[in-house]
Amino acid sequence: MRQWMAEQRSQTRPRVTPIPEPKQFKPEPYAQAGAVEPFSKEKLAQALKRESSQSAASGALIAPELARRKEPLEAFPLDSMTMVGSLLKEGKPVALVKVDNLLYQVRPGNYLGQNYGRITKITETQVTLREIAQDAVGEWVERPATLQLQERLK
């Protein structure tokens, strides 16, 4: 066995493929020397000015009403509220919302939650609202939210 192993070692030759020659580097002339520098202070200032005017215009369209008086249910987060029922009062939908073991009647146009959520629609099974919250950049964005009817299990 040792003799066979010695023969195999002597006959085995590693096969190494040679590394290809490196390509010759050819420098290319820079043709944009006369063009506007992309990192110039003037160009950056113009872009920031344009962006701020666009965000100011869109920010004016979507912003919370800070001057109005807050309603009681705006003190609670939306996930602490539960819709427990709905009814019609004088032909208009009214939802029953439970917060901290207290029952509140809410109508379309009322505000809920800490993100300036305004009720847009009330059905038998849910309250639909439009929240206005700040995104990561600090701009006001509009997002939909719902409060589903919670049926009590007996």
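J.: I'd love a proper account of the sheet that holds strand E6 (residues 126-134), names of residues and values included.
T.: The strand order E4-E5-E6-E7 describes an open sheet built from four strands, whose pairing is antiparallel. In this open sheet, the two strands that pair with only one neighbour each are strand E4 (111-112) and strand E7 (140-148). When E4 meets strand E5 (residues 117-122), the two strands line up antiparallel, connected through two bridges. Looking across to E5, one finds that Tyr-111 is bridged to Arg-118.

J.: Could you give an account of the sheet that holds strand E2 (residues 92-99), with specific residues and numbers?
T.: Ordered in space as E1-E2-E3, the three strands form an open sheet in which the pairing is antiparallel. Two strands lie at the open edges of the sheet, namely strand E1 (82-89) and strand E3 (102-106), each paired on one side alone. Direction aside, the axes of adjacent strands within the sheet are offset by 25° on average. Across seven bridges, the pairing between E1 and E2 is antiparallel. Along E2, the bridge assignment pairs Thr-82 with Lys-98.

J.: Which residues make up the pairing of E2, and what values go with them?
T.: In textbook terms, the turn of a hairpin is the stretch between consecutive antiparallel strands, and for E1 and E2 this stretch comprises two residues, one of which, Glu-90, has a positive phi near 55°. In terms of strand pairing, E2 meets E3 through five bridges, oriented antiparallel. From the neighbouring strand, Val-99 faces E3, where its bridge partner is Leu-102. A loop of two residues connects E2 with E3, the two strands running antiparallel in sequence, and Asp-100 in this loop sits at a positive phi of about 50°.

J.: Pulling in residues and values, what's your account of the pattern of salt bridges?
T.: Evaluation of the coordinates by the stated rule reveals three salt bridges. Arg-68 is the salt-bridge partner of Glu-74, the closest N and O atoms lying 2.8 Å from each other. Take Arg-68: its relative accessible area is 18%, and that puts it in the buried class. With a shortest N-O distance of 3.2 Å, Glu-142 and Arg-130 are connected by a salt bridge. Of this pair, Glu-142 sits in strand E7 while Arg-130 sits in strand E6, and the two are twelve residues apart along the sequence.

J.: Could you give me a rundown of the packing of aromatic side chains, with the residues and numbers involved?
T.: Under the criterion given, the structure shown has one aromatic pair. Taking the centre distance of 5.9 Å and the plane angle of 80° together, the rings of Tyr-116 and Trp-140 count as edge-to-face. Of the two residues, Tyr-116 is situated in the loop between E4 and E5 and Trp-140 in strand E7; the sequence distance between them amounts to 24 residues. For Trp-140, a relative accessible area of 26% translates into the label partly exposed. Of note, Arg-68 hangs over the ring of Tyr-111, and the distance from its end group to the ring centre comes to 3.4 Å.

J.: Run through unusual backbone geometry, naming residues and quoting values.
T.: In this model, Glu-90 sits at a positive phi of 55°, which is unusual for a non-glycine residue. With a relative accessible area of 82%, Glu-90 lands in the exposed category. One non-glycine residue with positive phi stands out, namely Asn-101, at about 60°. Turning to its location among the elements, Asn-101 is positioned in the loop between E2 and E3. Given the relative accessible area of 68%, Asn-101 is considered exposed.

What counts as what
- Per chain, the residues get numbers from 1 upward, laid out in the order the sequence is written.
- Reporting in this predicted model follows two pLDDT cut-offs: at least 70 for local features of residues, and 80 or more for side-chain atom pairs to be given and counted; totals over whole chains, interfaces and linings ignore these cut-offs and use all residues.
- Side-chain metrics in this entry use all non-hydrogen atoms of the structure; hydrogen atoms and water are not considered.
- Pairing between two strands requires that DSSP report at least two bridges joining them.
- Only DSSP runs of H or I covering at least 4 residues are called helices, and only runs of E covering at least 2 are called strands; the numbering of each starts at the N terminus.
- To get an axis, fit a line to the C-alpha atoms, keeping to the stretch in contact for a helix; angles then go from 0 to 180 degrees between the N-to-C directions.
- A pairing counts as a salt bridge when a side-chain nitrogen of Lys or Arg comes within 4 Å of a carboxyl oxygen of Asp or Glu.
- Think of it in three bands: residues with accessible area under 20% of the maximum for their type are buried, residues over 50% are exposed, and the middle band is partly exposed, with areas taken using a 1.4 Å probe on protein chains only.
- When the centres of two rings from Phe, Tyr and Trp lie within 6.5 Å, Trp using its six-membered ring, the rings pair. Their planes under 30 degrees apart give stacked, over 60 give edge-to-face, and anything left gives tilted.
- Two conditions define a charge sitting above a ring: the NZ of Lys or the CZ of Arg must be within 6 Å of the ring centre, and it must be within 35 degrees of the ring normal.

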